[in-house]
Amino acid sequence: MNYAYARVSSKDQNLSRQLNAFKNCSIIFDKIYCDKKSGADFERVCYKQMIKKLRYGDLLVVVSIDRLGRNYDCILKEWKRITKSIGADIYVLDMPLLDTRCHEKNLV
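What you see is a predicted model, and the numbers here were worked out from it, not measured in a lab.

Thresholds applied
Residues numbered from 1 in each chain as written. Predicted model: local features only at pLDDT ≥ 70, side-chain atom pairs only at ≥ 80, totals over all residues. Heavy atoms only, no water. Phe/Tyr/Trp six-rings, centres within 6.5 Å; stacked < 30°, edge-to-face > 60°. Helix = DSSP H or I, 4+ residues; strand = E, 2+ residues; numbered from the N terminus. Buried < 20%, exposed > 50% of the residue type's maximum accessible area, 1.4 Å probe, protein only. Pairing = 2+ DSSP bridges. Right-handed = clockwise from strand over helix to strand, strands pointing away. Core = buried A, V, L, I, M, F, W, Y, C linked by side-chain atoms within 4.5 Å. Expected span 1.5 Å × (residues − 1). Polar contact = N/O pair within 3.5 Å; in protein donor to acceptor, adjacent residues only side chain to side chain. Salt bridge = Lys/Arg side-chain N within 4 Å of Asp/Glu carboxyl O.

**Digging into the packing of aromatic side chains**
What the rule picks out here adds up to three aromatic pairs. Pairing Y3 with Y33 gives two aromatic rings, centres 6.3 Å apart and planes at 40 degrees, and the pair type is tilted. Within this pair, whereas Y3 is found in strand β1 (residues 2–8), its partner Y33 is found in strand β2 (residues 32–36), the two being separated by 30 residues in sequence. Judged by relative accessible area, which is 5%, Y3 ranks as buried. Of the residues examined, Y33 reaches a relative accessible area of 10% and is grouped as buried. Judged by centre distance (5.1 Å) and plane angle (50 degrees), the rings of F42 and Y47 are tilted.

Now the structure itself:
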């Protein structure tokens, strides 16, 4: 299953740029999770809901790495949890080098 995560830091910011980027990724609308909250930690309602759904072999798509979070150490820890503990892959749209999929390296 493919999931996407979008985040902006405040309620007055707009998610549309990120949501538009997901249109080209064949992600079903109800598999896109969005938060309007700071990326200082991972205590975000929709992010937690999405993580609970992620399973082995799933794919998480984000537009850029900073949409996951702002703290480098926390991002690394969460990245490890997603890819190693859960066994899901991550694809960062604006940085294809961060595509963890082992199979075809095509767009989602």
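**So, the pairing of strand β3 (residues 59–62)**
Neither face of β3 is exposed, since L59 and V61 on one face and L60 and V62 on the opposite face are all buried. Across four bridges, the pairing between β3 and strand β4 (residues 89–92) is parallel. Pairing of L59 across the sheet is with D89, part of β4. As for the winding sense of the linkage, the β-α-β connection from β3 through helix α3 (residues 72–86) to β4 is right-handed.

**Thoughts on the nonpolar core**
Ranked by size, the top nonpolar core spans 17 residues in total, and within it Y5, Y47, M50, L60, L68 and I82 carry the most contacts. Listed by contribution, the elements that provide at least two residues to this core are β1, α2 (45–53), β3, α3 and β4. Residues I27, I32, L59 and V61 belong to the second largest nonpolar core, which totals 13 residues.

**What to know about unusual backbone geometry**
Here S26, not a glycine, exhibits a phi torsion of approximately 55 degrees, which is positive. Relative to the elements of secondary structure, S26 occurs in the loop between α1 (16–23) and β2. Its relative accessible area of 61% is what places S26 among the exposed residues.

**Some points on α3**
Compared with the 21 Å implied by 1.5 Å per residue over 15 residues, the 20 Å span of α3 between its first and last C-alpha is a close match. Residues of α3 that are buried: I75, E78, W79, I82 and T83. One side-chain oxygen of the residue at the start of α3 lies 3.0 Å from the amide nitrogen of D73, identifying that residue as N71. At the exit of α3 stands G87, carrying a positive phi of roughly 85 degrees.

**Focus on the pattern of salt bridges**
A full pass over the atoms with the stated rule returns five salt bridges. Where R70 meets D66, a salt bridge forms, and the shortest distance between an N and an O atom there is 3.3 Å. A residue is classified by how much of its surface remains accessible, and R70, at 51% relative accessible area, is exposed. The partner of R81 in a salt bridge is E78, and the shortest N-O contact between them spans 2.8 Å. Of this pair, R81 and E78 both sit in helix α3, three residues apart, which is roughly one turn of that helix.

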